[in-house]
Structure formats: C-alpha cells, structure tokens
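Structural overview
The lines below spell out each chain.
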Amino acid sequence: MNDKIQNKHHIILYIPMCLLLSYWGYMKVALPVIPDLLNSFQTTQSLLHQFISLAFILSGLSSVFWGVLIDRIEIKRFLISLTIISIVILSSIAISTNAWFWGISYIVSAILMGGLIVCSRSFVMIYLTEEADIKKALTMPMIAGFSAAFFMPYLSGWLANYLGWNYAFLIIPFWLIVLLILLTKLPPSTQSVDKNMGIKDNINAMINHLKNKNFLFSILGIACISSISQSYYIAIIFWLMSHYTIAIQNLALYLFPLLFPGMIIPLFIQRIYHKISEKHMITLYIALLIIAALIAITISLNFNITKQANSWLWVIPGVLCSISMVCLIPILSFRALNTVKDHYNSASGLLTIAVYSAGGVGIYITSLITLNHFYLEGVFILITTALLITCIKKSTESSQ
C-alpha cells in the first residue's frame, strides 16, 4: 500500500517535471524567429538549419557522460545543479550578436538539456515500482514534449513579433526556474551512488545493453522513426519560409497539426492496445509511414512550382509520420527498457541517443531537401521505413 501511495506521489511530481524537461520545446523555440535571426546576423538558412542539426546530434551523444555524473552524484543533486547552470547558459542566447555565437550557445544549451532528458527517462525506472505506473509514466514525457514543442514556439513567435527575437529565448530559462523550485520537493532516490563510476564504465554498460538483441533492435527502430519525424518538425518551417510569406507569429501554427497527435494519442494509447494487438498496431503505423512517403512524392510531382500549392499540403505527410512516431516509440521503449535490470541511466542514455542523435542526422538530411525537390523527402521516408521494418522484425524474433 505504501508503495502505491509513493508511486502516486512521484507520478504527480513527474507530470510538471515532464512539462519543464520538455527538450523538444526548447529546440523549437528558435523556429519562428529564424527570419529575424537571418536579418540580424546576415547569415543563411542552411547554416542555422545545420546548427540545429548538430545540436540534436551532440545533445544525444552527450548522454554518454551525463549518465556517469548522475550515477556519481545522485539524480536529485544532478538535476538541481544542471538546472542552475542551464538557466545561466540558456539566457546567454538572448544576447547573441552573430550567428556563430548564437549557434555555439544553442548547441551548448542543447547538450545541457540533453542531461535533463536522460533524467526524465531514468526517473521512471528509479522512482516507480508498478509496471502499470511505469507504462503510464513513459507516455508523459511525450505528451509534455509535444505540447511544449507547439506552445513554446507559439509564444516565442508572439514575443519576437512584439518585443524582439531576444526575448523569445528567455522562455525556457523562466520555465527552468519553476523546475528548480519543484526539484527541491523531490525526495532523494534510493539509487546507490557509485563514486567510482567513469565514462569508460558507462560506455561498457551501454555496450552490455546493446548485446541484448531485443534492446538493440528496439533502439535502432526508435532511431529510424525519430529521424523521420524529428527532422520533419524542424524542416517544415525552413521549407515554408523559402516559398511562402507567413507572419512570424503564425509560423508555429504549422507545427500544431504535426504535434497534436503527440498531445492527445498517449492519453488513449493503453485503451487502444487493449482492443487491438500490438502486431496489428505496428502494421498500421508502418502503413501510415508508407502512405506519407507516397503523398510527399505525389505532391511534389503535381506541384513542381511550389507557389501553386496550398502551404498546408506540405504538412500532411508529417502528420502521418508523427502519428506513427507517437505510437511506435512507447512500444519500442517498453520493449527495450523491460529487458534492463540495472544501469538504468546508461539505458536511458541510449534511448536519448536514438531519439535525438538520429533526429539530428535526419535534420541534416532534410536541410539538403527543398520544396522544389520534395519527392526526395518521400524517398527518405521510404528508405528509413524499410530499415524500421527490419529492426522491428529482428526485435520480435529475439524476444521469442
């Protein structure tokens, strides 16, 4: 009974934590202000697009050493320390005077936020004990992340329009101050502190996790679906800015249909799984990806002069990809984490690498695609979906 009460207490605390650990929200704050950054810094879209790509990649890879620090100083102390540092560093973006200062500050901030994301996943495995609570909790970062990924850029667009782009980057530091207050309410974890844990040990723990084929192929599957959807969320603004005139405060509206599935579907996902088998659901999500690819190719072939197409048409493939990601990642995450018996932070780090580093690679690929050659996005989705199918098949075989 005490465990159930404790679980409920931790879940109640975990909900606002997820809202504030919303890394996706942070990464997308910059999107509506890209036009202002281009004018202020006299730079190119491709440079800013690739800064964001590198930020994703490095933030994911940074989990190699974040896990070590968490293990050595305990999760609560780590969260409080990193949040204080993040408030200072993220605030520096607002005083950027050139593209390179902005880009480096943005990348460093992304790496710091990556440490918070590692905690948001390992928190579930460390503080919760009931399987049902763990499954529910694993959906919370997704709901929070997708919600923040829309509302943060929506707010930043309005702030940039009325006050200037600098103020847009103060949203996340403000949220982190609230998070800092909440973290003081978090009880110390029961996780043992390993003062001797080093980066080499963390890498060895990750390698041991990857020796488990179920874990390995589940992680690779997450990387595939993340590279498609994460890149689409970032690229859509760059694609539209090149060919359409859209008010800065309205740019985030194009993100809403892409992100809405992540805000609403996790609330009902468990009920859906009770009625439809996992195998049939996976088949449906893969079918949506293939349809998305075919729509992207069809739109491109029929609207070779992009101004003839309604700007919302380019959003449709991304919505289908988003639905697939929202539904597939919890399935594959549970498959992976359910096989983990210890070293939860290193396992969480691998999930972070799969989601964000793979997303960063996808973002770089889409930075080379324009609306004039949008069929290439369809080709990218088809190739990645083929890899995803292979990973899911291998994961299923290894679990039998």
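Analysis parameters
- Residues numbered from 1 in each chain as written.
- Predicted model: local features only at pLDDT ≥ 70, side-chain atom pairs only at ≥ 80, totals over all residues.
- Heavy atoms only, no water.
- Helix = DSSP H or I, 4+ residues; strand = E, 2+ residues; numbered from the N terminus.
- Buried < 20%, exposed > 50% of the residue type's maximum accessible area, 1.4 Å probe, protein only.
- Contact = heavy atoms within 4.5 Å.
- Areas by Shrake-Rupley, 256 points an atom, 1.4 Å probe, with all protein chains shown as cover.
- Expected span 1.5 Å × (residues − 1).
- Axes fitted to C-alpha atoms, helices over the stretch in contact; angles between N-to-C directions.
- Parallel < 35°, antiparallel > 145°, perpendicular 65-115°, else oblique.
- Left-handed = near helix turned anticlockwise from the far one by under 90°.
- Phe/Tyr/Trp six-rings, centres within 6.5 Å; stacked < 30°, edge-to-face > 60°.
- Patch = residues over 30% accessible without salt bridge, like charges linked within 9 Å, V, L, I, M, F, W, Y side chains within 5 Å.
- Salt bridge = Lys/Arg side-chain N within 4 Å of Asp/Glu carboxyl O.

A few words now on the overall build of the protein. Scanning the protein from terminus to terminus reveals 18 helices and zero strands. Evaluated residue by residue, the protein yields a buried proportion of 58% over its 400 residues. In the protein, the share of contacts with a sequence separation of at least 24, taken over all contacts with a separation of at least 6, comes to 88%. Working note: accessible area of the protein is about 16500 Å², and carbon and sulfur atoms make up 66% of it.

Between the first and last C-alpha of helix α4 (residues 45-61) there are 25 Å, a value that for 17 residues agrees with the 24 Å anticipated at 1.5 Å per step. Every buried residue of α4 is listed here: Leu48, His49, Phe51, Ile52, Ser53, Ala55, Phe56, Ser59 and Gly60.

Helix α18 (residues 375-399) packs onto helix α16 (residues 316-337) with a crossing angle of 25° between their chain directions and a minimal axis gap of 13 Å. Considering the angle they form, α16 stands roughly parallel to α18. When the axes of α16 and α18 are compared, the crossing they make is left-handed. Residues Cys321, Leu328, Leu332 and Arg335 of α16 lie in contact with α18, whose contacting residues are Ile381, Leu388, Ile392, Ser395 and Thr396.

In this section: the packing of aromatic side chains. Within this structure, the stated rule accounts for 17 aromatic pairs. Ring geometry for Trp102 against Tyr106: centres 4.8 Å apart, planes inclined by 15°, an arrangement best described as stacked. Highlighted residues: Trp102 and Tyr106, both in helix α7 (residues 99-127), separated by four residues, approximately one helical turn. Accessibility assignment for this pair places Trp102 and Tyr106 in one class, buried. Ring geometry for Phe150 and Tyr154: centres 5.5 Å apart, planes at 25°, overall stacked. One end of the pair, Phe150, and the other, Tyr154, are both in helix α8 (residues 131-162), four residues apart, so they sit about a helical turn from each other. On the accessibility criterion, Tyr154 (28% relative accessible area) is partly exposed. What links up through ring pairs into an aromatic cluster is the set Phe41, Phe51, Trp100, Trp102, Tyr106, Trp165 and Phe169.

For the rest of this paragraph, the subject is helix α5 (residues 63-73). Because each turn of an α-helix spans 3.6 residues, side chains separated by three or four positions end up pointing in the same direction. Considered for burial, the residues of α5 that qualify are Ser63, Val64, Trp66, Gly67, Val68, Ile70 and Asp71. Count one or two residues on from α5 and you reach Glu74, which has phi positive near 80°.

Side chains of Phe65, Leu69, Ile199, Ile203 and Ile207 sit close together on the surface and give an oily, nonpolar patch of about 390 Å² of accessible area. Of all the secondary-structure elements, those providing two or more residues to the nonpolar patch are α5 and α11 (199-210). With three residues, the top contributor of residues to the nonpolar patch is α11. Here Phe65 is to be found in helix α5. The class for Phe65 is partly exposed, based on a relative accessible area of 34%.

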